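# Chains, contacts and geometry: an overview
Below, each chain spelled out in residue letters.
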Amino acid sequence: MNNRLADFALIHASVFDGETTLHNQVISVKGDTIIDVSPFDSALTLPEKQIDLTGLLATSGFIDIQLNGCGGVLFNTDISESTLVTMNSTNLKYGTTQFLPTLITSQQQSMNQAVELVSNLNDKEKMGVLGLHLEGPFINKQKKGAHQAAFIRELDLETAQFLAANANSISVVTLAPENNQQAVIDCLTDAEIIVSIGHSNATYEQLQQKNGLNMTTHLYNAMSPLGSREPGVVGYVFDHKPTAGIIVDGIHVSYASVRIAHDILKDNLFLVTDAVTPAGTDITEFDMAGIPAYVTEGKCHFSDGTIAGAAITTIASIKNLIEHVGLSREEALRMANLYPAKALGIEDEYGMLKTGYKANITLLNANNDIHSVYQMGIQRI
């Protein structure tokens, strides 16, 4: 590669490319794309702009498939571009360069507004937005968690067709398969919208009867558990191995359960934060889509103790994977970038630091703290 074509080069970097860690590398970037990753010693020419990364590890920017809010904002409460800007700027401080703004169970009007917003965004990738995650309202009231029961309903064909028509703006729809017909699931999957099992009280047999269930929303939480006689949703996931997000804050799921899930699902398990308003702030009280909520010792909850989202960041989740779950640094990073990219089917451009990939680069020090972040080729932190 002729590095003179590059806009800038990151030099003397240790690079975790998604497969292995390489040392003393040059990452050459042009526009929003990595045009070369190669050993510094073999670089014949370098662009005028060079940034020395001695002592730092470069990895692909993190991808959060389930993000309700952060930085003092919540997508459900304010469906606006300014909310997405705040979410993105907060994400970047913690190494996340791409996300799915997540709208939890709401009225049809709010869903329409969210779809219209994302459809009309200019350069949404440069804002870190890959598409919407609609978490509900097509869920099971028995496993509603923090979702408002009044808005929960079955997905009808007209609404499914509306979602399918806007598939360019919608990446994931979380629903309870037992409460929705195969025809509407097919409508979504035919449009290449990922259908995720979530907030579901399904039996193993009910799930066996459905097709197109390719993802799982916050594994273990708000779903029927694995039992000796009834495997439930968790048993189905362990048996059939769709991709699955998991919250690793030490509150939603025990670290031992995370480890068990990882042993079974391997590269089909990825990190999500499920973060809400307080993430990245010191807020202790907030509005959770119309219901007062609180933060106590890191736990977001309603007054009755019901968990209401999370306050964790992706980099904190990665540290938990390393320190408490016992994963290697490389595997923990893959759970934050490569595995979610694969779950979304975008692993040819996102999730790795290799030639031809988008220049989303997170720089970590030896303590796994964020040093700097490049989003689509632009240094943002």
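Whatever comes next refers back to the structure up there.
The structure presented is a predicted model; accordingly, all values stated were derived computationally and were not measured.

### Some thoughts on helix α2 (residues 108–119)
Here α2 is 12 residues long and its end C-alpha atoms lie 16 Å apart, about the 16 Å a rise of 1.5 Å per residue gives. For α2, the complete set of buried residues consists of M111, A114, V115, L117 and V118. One side of α2 carries all its buried residues, which in axial view fall inside an arc of 160°. Relative to its buried face, α2 has exposed residues pointing more than 90 degrees away, namely Q109 and E116.

### Remarks on the packing of aromatic side chains
All told, the structure shown has 3 aromatic pairs when counted by the stated rule. Here the aromatic rings of Y204 and Y236 are separated by 6.0 Å at their centres, their planes lie at 65°, and the arrangement is edge-to-face. One end of the pair, Y204, is in helix α5 (residues 204–208); the other, Y236, is in helix α6 (residues 232–240), and 32 residues separate them in sequence. Each member of the pair, Y204 as well as Y236, carries the same accessibility label: buried. Measuring from centroid to centroid gives 6.1 Å for Y220 and F238, while their planes differ by 80°, and the two rings are edge-to-face. Taken as a pair, Y220 in the loop between β13 (215–216) and α6 and F238 in helix α6 lie far apart in primary sequence, 18 residues in all. You can call Y220 partly exposed: its relative accessible area is 22%. A residue is classified by how much of its surface remains accessible, and F238, at 12% relative accessible area, is buried. The residue whose ring lies beneath K49 is F8, and the NZ or CZ to ring-centre distance is 5.4 Å.

### Some thoughts on the packing of helix α8 (residues 314–325) against helix α9 (residues 329–336)
At a minimum axis distance of 9 Å, the contact between α8 and α9 shows a crossing angle of 145°. For the crossing formed where α8 meets α9, the hand is right-handed. Residues T314, I318, L321 and I322 of α8 lie in contact with α9, whose contacting residues are R329, A332, L333, M335 and A336. Split into classes, the residues belonging to the contact of α8 with α9 amount to 7 nonpolar, 1 polar and 1 charged.

### Description of the pattern of salt bridges
Per the stated rule, a full pass over the model turns up 8 salt bridges. Residue D267 pairs with K342 through a salt bridge whose shortest N-O separation is 3.0 Å. Placement of D267 in the loop between α7 (255–265) and β15 (269–272) and of K342 in helix α10 (residues 338–344) is noted, with a sequence separation of 75 residues between them. By relative accessible area, D267 is classed as partly exposed at 31%. Residue D369 is joined to K319 by a salt bridge in which the shortest nitrogen-to-oxygen separation is 2.5 Å. With D369 in the loop between β20 (361–364) and β21 (370–375) and K319 in helix α8, the pair connects residues that are 50 residues apart, well separated along the chain. For K319, a relative accessible area of 22% translates into the label partly exposed. Residues joined in a network through salt bridges with shared partners are D32, E349 and K358.

What counts and what doesn't
- Every chain is numbered on its own, with residues counted from 1 as its sequence reads.
- Where totals are concerned, whole chains, interfaces and linings use all residues; where local detail is concerned, this predicted model gives features only for residues with pLDDT of at least 70, and gives and counts side-chain atom pairs only at 80 or more.
- Hydrogens and water are ignored here; the side-chain numbers use all heavy atoms of the structure.
- Labels follow the DSSP assignment, with helices taken as runs of H or I lasting at least four residues and strands as runs of E lasting at least two, numbered in each case from the N terminus.
- One less than the residue count of a helix, multiplied by 1.5 Å, gives the span that helix is expected to have.
- The cut-offs for exposure are 20% and 50% of the maximum accessible area for each residue type, with area from a 1.4 Å probe on protein chains only; residues under the lower value are buried, those over the upper are exposed, and the others partly exposed.
- Directions from the helix axis toward the C-beta atoms define the arc.
- Within 6.5 Å between ring centres, the rings of Phe, Tyr and Trp (the latter by its six-membered ring) count as paired, and their orientation is classed by plane angle as stacked under 30 degrees, edge-to-face over 60, tilted in between.
- The criterion for a charge sitting over a ring is simple: Lys NZ or Arg CZ within 6 Å of the ring centre, and within 35 degrees of the ring normal.
- Only the contacting stretch of a helix is used when fitting its axis, a line to C-alpha atoms as for every element, and angles between N-to-C directions run 0 to 180 degrees.
- Should the near helix be turned counterclockwise from the far one by less than a right angle, the crossing is left-handed, whereas a clockwise turn marks it as right-handed.
- Two residues qualify as a contact provided that any one of their heavy atoms is within 4.5 Å of a heavy atom in the partner residue.
- Classification convention: Asp, Glu, Lys, Arg as charged; Ala, Val, Leu, Ile, Met, Phe, Trp, Tyr, Cys, Pro as nonpolar; all other residues, Gly among them, as polar.
- Here, a salt bridge means any side-chain nitrogen of Lys or Arg that lies within 4 Å of a carboxyl oxygen of Asp or Glu.

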